[in-house]
Amino acid sequence: MATRLLWASRAASYLRISVFHRGFSSVIKDLKYADSHEWVKVDGNSATVGITDHAQDHLGDVVYVELPEVGASVKQGDSFGAVESVKATSDVNSPISGKVVEVNEELNSSPGLVNSSPYEKGWIIKVNISDVDELKNLKDADEYSKFCEEEDKH
């Protein structure tokens, strides 16, 4: 037990290094962000996609996540699913074009993972990227943080 707590404590301190805290939301440095509040983590020709902490915070408690089918094609900026919360239902847009190779089936029984762990356990899809140049259209962590601050002013 003590070892597990020590590891968790160390993991938490490592996580703090790579996270920008903006009010109650956080932004991860190594991800790319869409203006529609989705994030993408690129690993070679593969990408993991989810909604940002900022988005889940504005949505409130997520009660349902509509997932696409494995094998479906997604296009940058187009909707591929939806997130339903106690407040609203919002489309989820793909920050990158490609083919869906995996969906987070755990969200079917635990949609609240989008709230509790938006960047880790709450990911929505994994995609084989069809055009890596599209990443240039996305924001880095600093740009996204500033974008959210401006948006929250209005």
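Parameters at a glance
Residues numbered from 1 in each chain as written. Predicted model: local features only at pLDDT ≥ 70, side-chain atom pairs only at ≥ 80, totals over all residues. Heavy atoms only, no water. Helix = DSSP H or I, 4+ residues; strand = E, 2+ residues; numbered from the N terminus. Polar contact = N/O pair within 3.5 Å; in protein donor to acceptor, adjacent residues only side chain to side chain. UniProt positions renumbered as here; feature names shortened; annotations may be inferred. Buried < 20%, exposed > 50% of the residue type's maximum accessible area, 1.4 Å probe, protein only. Salt bridge = Lys/Arg side-chain N within 4 Å of Asp/Glu carboxyl O. Pairing = 2+ DSSP bridges. Phe/Tyr/Trp six-rings, centres within 6.5 Å; stacked < 30°, edge-to-face > 60°. Lys NZ or Arg CZ within 6 Å of the ring centre and 35° of its normal.

*Asks:* Even after reading the chapter, I still don't get the side chain of Asp53, so can you show me in this structure?
*Replies:* Following the sequence through the fold, Asp53 ends up in helix α2 (residues 53-59). At 2.7 Å, the side chain of Asp53 forms a polar contact with the backbone nitrogen of Ser26. Among the polar contacts listed, one links the side chain of Asp53 to the side chain of Gln56, at a separation of 2.7 Å.

*Asks:* So what exactly am I meant to see when it comes to the UniProt feature "modified residue: N6-lipoyllysine" (unreviewed entry) in the protein here?
*Replies:* As recorded in UniProt, the sites labelled "modified residue: N6-lipoyllysine" (unreviewed entry) are Lys87. When you line up the elements, Lys87 lands in the loop between β8 (79-85) and β9 (89-93). A relative accessible area of 60% places Lys87 in the exposed class.

*Asks:* Looking at this model, I keep getting lost on the pattern of salt bridges. Mind explaining?
*Replies:* In this structure the tally under the stated criterion is three salt bridges. Of the charged contacts, one joins Lys136 and Asp133 as a salt bridge, the two residues approaching to 3.7 Å between their closest N and O atoms. In this structure Asp133 comes out as partly exposed when scored by relative accessible area, which is 46%. In this structure, Glu150 and Lys153 form a salt bridge, with 3.2 Å as the shortest nitrogen-oxygen distance.

*Asks:* Would you mind showing me how to read the pairing of strand β11 (residues 125-129) here?
*Replies:* Side-chain direction in a regular strand flips from residue to residue, so the side chains alternate between the two faces of the sheet. Burial along β11 is one-sided: Ile125, Val127 and Ile129 are buried, and none of Lys126 and Asn128, which face the opposite way, are. Note that strand β5 (residues 46-51) and β11 share four bridges and pair antiparallel. Within β11, the residue paired with Thr48 across the bridge is Lys126. In terms of strand pairing, strand β10 (residues 98-103) meets β11 through five bridges, oriented antiparallel. The partner of Gly98 across the bridge, within β11, is Ile129.

*Asks:* How should I be thinking about the packing of aromatic side chains in this particular structure?
*Replies:* Two aromatic rings are characterised by how far apart their centres lie and by the angle between their planes. Throughout the structure, instances matching the rule amount to three aromatic pairs. Taking 5.9 Å as the distance between ring centres and 55° as the angle between the ring planes, the aromatic pair formed by Trp39 and Tyr119 counts as tilted. Taken as a pair, Trp39 in strand β4 (residues 38-43) and Tyr119 in the loop between α4 (113-116) and β11 lie far apart in primary sequence, 80 residues in all. With relative accessibility at 1%, the residue Trp39 sits in the buried group. By relative accessible area, which is 15% here, Tyr119 ends up buried. Cluster of aromatic residues (ring-pair linked, three or more members): Tyr33, Tyr144 and Phe147. A cation over an aromatic ring shows up here: Lys126 above the ring of Trp123, its NZ or CZ 4.8 Å from the ring centre. Seen from the ring of Phe147, Lys139 lies directly overhead, with NZ or CZ sitting 5.1 Å from the centre.

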